[in-house]
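Below, each chain spelled out in residue letters.
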Amino acid sequence: MVLAKLWTLQQHFEGLPKESNFELKQEELPDPKDGEVLLEAVFLSVDPYMRPYSRMHLKEGDTMMGAQVSRVVRSRNPSYLEGSHVIVHCGWRTHFLSDGSDLTPIPSNWPEELPLSLALGAIGMTGLAALYGLEEICEIKAEETLLVNAAAGAVGTMVGQIAKIKGCRAVGCAGSDDKVSYLKELGFDQAFNYKTISSLEDALREAAPQGYDCYFDNVGGDFTSTALAQMKPFGRIALSGSISTYNNTAPHRGPSIHSHMILKQLRMEGFLVERWKHKHHDSLQRLLAWVKEGRIKCREHITEGFENMPASFISMLSGGNVGKAVVKI
Ligand SMILES: NC(=O)C1=CN([C@@H]2O[C@H](COP(=O)(O)OP(=O)(O)OC[C@H]3O[C@@H](n4cnc5c(N)ncnc54)[C@H](OP(=O)(O)O)[C@@H]3O)[C@@H](O)[C@H]2O)C=CC1
Ligand SMILES: CCCCCC(=O)/C=C/[C@H]1[C@H](O)CC(=O)[C@@H]1CCCCCCC(=O)O
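Residues numbered from 1 in each chain as written. Chains lettered and ligands numbered in written order. Predicted model: local features only at pLDDT ≥ 70, side-chain atom pairs only at ≥ 80, totals over all residues.

**Examining helix 8 (residues 280-292)**
Going by this rule: Numbered from the N terminus, helices here are DSSP runs of H or I no shorter than four residues, and strands are runs of E no shorter than two. Residue count minus one, scaled by 1.5 Å, sets the expected span of a helix. The exposure scheme places C-beta atoms from the backbone and then counts, for each residue, the other C-beta atoms within 10 Å of its own, assigning buried at 20 or more, exposed at 12 or fewer, and partly exposed in between. What the arc covers is the set of directions going from the helix axis to the C-beta atoms. Note that contacts rest on C-beta atoms placed from the backbone: two residues are in contact if these are within 7 Å.
Taking 1.5 Å of rise per residue, 13 residues should cover 18 Å, and helix 8 covers 18 Å from first to last C-alpha, within 8% of that figure. Where helix 8 is concerned, the buried positions are L284, L287, L288 and W290. Looking down the long axis of helix 8, one finds its buried residues gathered within 160° of arc, a one-sided arrangement. Those residues of helix 8 that are exposed and aimed more than 90 degrees away from the buried face are H281 and D282. Taken together, the buried residues of helix 8 touch helix 2 (125-137) and helix 3 (154-165). The first or second residue beyond helix 8 is G294, which carries a positive phi of 80°.

**Digging into the UniProt feature "domain: Enoyl reductase (ER)" (unreviewed entry) in the protein chain**
Stated precisely, the cut-off is as follows: UniProt positions are given in the numbering used here, feature names are shortened, and annotations may be inferred rather than shown by experiment.
UniProt marks residues 15-327 with the feature "domain: Enoyl reductase (ER)" (unreviewed entry), using the numbering shown here. For residues 15-327, the helix share is 28%, the strand share is 25%, and the end-to-end C-alpha distance is 23 Å.

**Topic: the site of ligand 2**
Rules: We count a residue as near a molecule or strand when its backbone-placed C-beta atom lies within 6 Å of that partner. Any residue outside Ala, Val, Leu, Ile, Met, Phe, Trp, Tyr, Cys, Pro, Asp, Glu, Lys and Arg is labelled polar, Gly included; the first ten of those are nonpolar and the last four are charged. How far each domain reaches was decided by an automatic or database domain assignment.
As a structural note, the neighbourhood of ligand 2 is formed by 15 residues, with Y49, M65, H89, L272 and V273 the closest of them. Partitioning the shell around ligand 2 into residue classes produces nine nonpolar, five polar and one charged. Looking at which domains feed residues into the shell around ligand 2, each of domain 1 (2-121 + 298-328) and domain 2 (125-274) gives three or more.

**Things to note about the pairing of strand 8 (residues 145-148)**
This is how it is decided: Paired strands, in this sense, are two strands between which DSSP finds at least two bridges. Crossovers are marked right-handed if the path from the first strand over the helix to the second runs clockwise, as seen with the strands pointing away from the viewer.
Side-chain alternation along strand 8 places T145 and L147 on one buried face and L146 and V148 on a second face that is also buried. Both strand 8 and strand 9 (residues 169-174) contribute to a ladder of four bridges, which runs parallel. Considered in strand 9, the bridge of T145 is made with R169. In this fold, the crossover linking strand 8 to strand 9 by way of helix 3 has right-handed handedness. In terms of strand pairing, strand 8 meets strand 11 (residues 212-217) through three bridges, oriented parallel. From the neighbouring strand, L146 faces strand 11, where its bridge partner is C214.

**With respect to the site of ligand 1**
The immediate surroundings of ligand 1 are formed by 29 residues, with G153, V155, G175, G241 and G319 found nearest. If you list the elements that add at least two residues to the shell around ligand 1, you get helix 2, helix 3 and helix 9 (309-317). Top element by residues in the shell around ligand 1 is helix 3. It accounts for three residues. A domain-level breakdown of the shell around ligand 1 finds at least three residues from each of domain 1 (2-121 + 298-328) and domain 2 (125-274).

**Some remarks on the environment of R295**
Note that R295 resides in the loop between helix 8 and strand 14 (300-304). Given 13 C-beta atoms within a 10 Å radius, R295 is considered partly exposed. Measuring from C-alpha to C-alpha, the distance between R295 and A170 comes to 15 Å, with 125 residues separating the pair along the chain. Sequence-distant contacts of R295, defined by excluding residues within four places in its chain, comprise I165 and W290.

**Here's the deal with the pairing of strand 15 (residues 324-328)**
Buried residues dominate strand 15, accounting for four of its five residues. With three bridges connecting them, strand 3 (residues 37-45) and strand 15 associate as antiparallel partners. What sits directly across from S45, in strand 15, is V326. Here five bridges tie strand 14 to strand 15, and the two strands are oriented parallel to one another. The partner of E304 across the bridge, within strand 15, is K328.

**Brief notes about the nonpolar core**
Defined as follows: Note on definitions: a nonpolar core is a set of buried residues drawn from Ala, Val, Leu, Ile, Met, Phe, Trp, Tyr and Cys, linked by C-beta atoms within 7 Å.
Membership of the largest hydrophobic core comes to 92 residues, with the highest contact counts inside it found for L134, L146, A151, V159, L183 and F216. The element that contributes the greatest number of residues to this core is helix 2, accounting for eight residues. Domain assignment of the residues forming this core places at least three in each of domain 1 (2-121 + 298-328) and domain 2 (125-274).

**Considering unusual backbone geometry**
The phi torsion at E139 lies on the positive side, around 45°, for a residue other than glycine. As for its placement among the helices and strands, E139 is situated in the loop between helix 2 and strand 8. The residue E143 is not glycine, and still its phi comes out positive at about 75°. Of note, E143 is situated in the loop between helix 2 and strand 8.

**Concerning the packing of helix 2 against helix 3**
Condition: Throughout, an axis means a line fitted to C-alpha atoms (over the contacting stretch in the case of helices), and angles, computed between N-to-C directions, take values from 0 to 180 degrees. By the definition adopted for this analysis, an angle is roughly parallel if under 35 degrees, roughly antiparallel if over 145, roughly perpendicular if from 65 to 115, and oblique otherwise. Working rule for handedness: look at the near helix, and if it is turned counterclockwise from the far one by less than a right angle, call the crossing left-handed; if clockwise, right-handed.
Remark: helix 2 packs on helix 3, axes separated minimally by 8 Å, with the N-to-C direction vectors making an angle of 45°. Regarding the angle of helix 2 to helix 3, the classification is oblique. Crossing angle aside, the handedness with which helix 2 passes helix 3 is right-handed. Here T126, G127, A129, A130, L131, G133 and L134 of helix 2 come into contact with helix 3, specifically with A154, V155, M158, V159, I162 and A163. Taken together, the residues that form the contact of helix 2 with helix 3 break down as 10 nonpolar, three polar and no charged.

See the structure below:
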């Protein structure tokens, strides 16, 4: 028997989540039965989707949703050896009993020197979001100019670096001067702090006077209304997320899109990573190779301690992270 800790959604969020929205609970888990494995959390992923999805999919009292890298501590399932690691969507909890059907093994050629936390980020869900948004939705080509917002985050840092690998010009914006310096270190051609500029329109024009072929949108809202005006004819827009709206308390009026979309014949498409599940294996191998070759740098924002899950989540939504937000147990 093991005592699992778990964070529940005590009360639905209104605006930015608060510590009081969460409750820490404990649960006794029995020993695994035949076919089952007992998992122990090693790294928990902290992601923006948890904010809107919790409203859509959770009841008050439910365990918060989320993925983690876990270690198999006891196994009665021959497919999972004790001591091996898996990814599992079991929510914000320290231990979980699984029948094995919901587990994704870490790629078998994972290099020993790479932290397993990258399987939640650069070589995991957020890396895949960047890759698919660029290749499948933007259909980005060499020498094109790309704009990405929330550029210093998990998805944004990957978008800019993959665009550079493909021979494109990358423009990124983020919410602090330190983040902007980091984007330049990563090889972004232009970067600016959207919180300190006097005009977003001017900053976008200065960064790419000829306009943008591709726009990878993590932020939505007013930013998108302004960015659309600076797309080139036949530009492509990948709608990845709209984090600027996740904490809204009243329905948001969408960006005004028609005149730009029609007159410039733009293409805009939303996507979810899971659409290309059939490509995940090969895509993860491509991301892993770029990381091993040093062509992609991975920064993580690691918070220690399961008790800090709510704080890490609130901080990420407030811009406190550079790179992928992860909690280490
Ligand atoms: N479609 C898909 O399949 C997927 C979509 N996503 C989406 O990608 C986006 C980025 O996710 P991820 O990389 O994991 O998160 P990040 O690591 O980028 O963290 C979130 C960042 O968003 C920025 N942010 C917060 N509030 C605002 C705001 N009001 N305006 C502008 N920026 C804001 C902050 O950076 P700053 O300091 O720059 O403001 C913060 O650090 C999210 O919208 C997410 O939902 C993610 C994964 C998969
Ligand atoms: C308007 C909201 C847009 C949110 C976009 C976003 O961030 C989507 C992220 C998903 C991504 O495509 C694949 C995922 O893993 C994210 C959703 C995961 C939901 C799983 C819920 C189960 C769980 O983790 O317990």
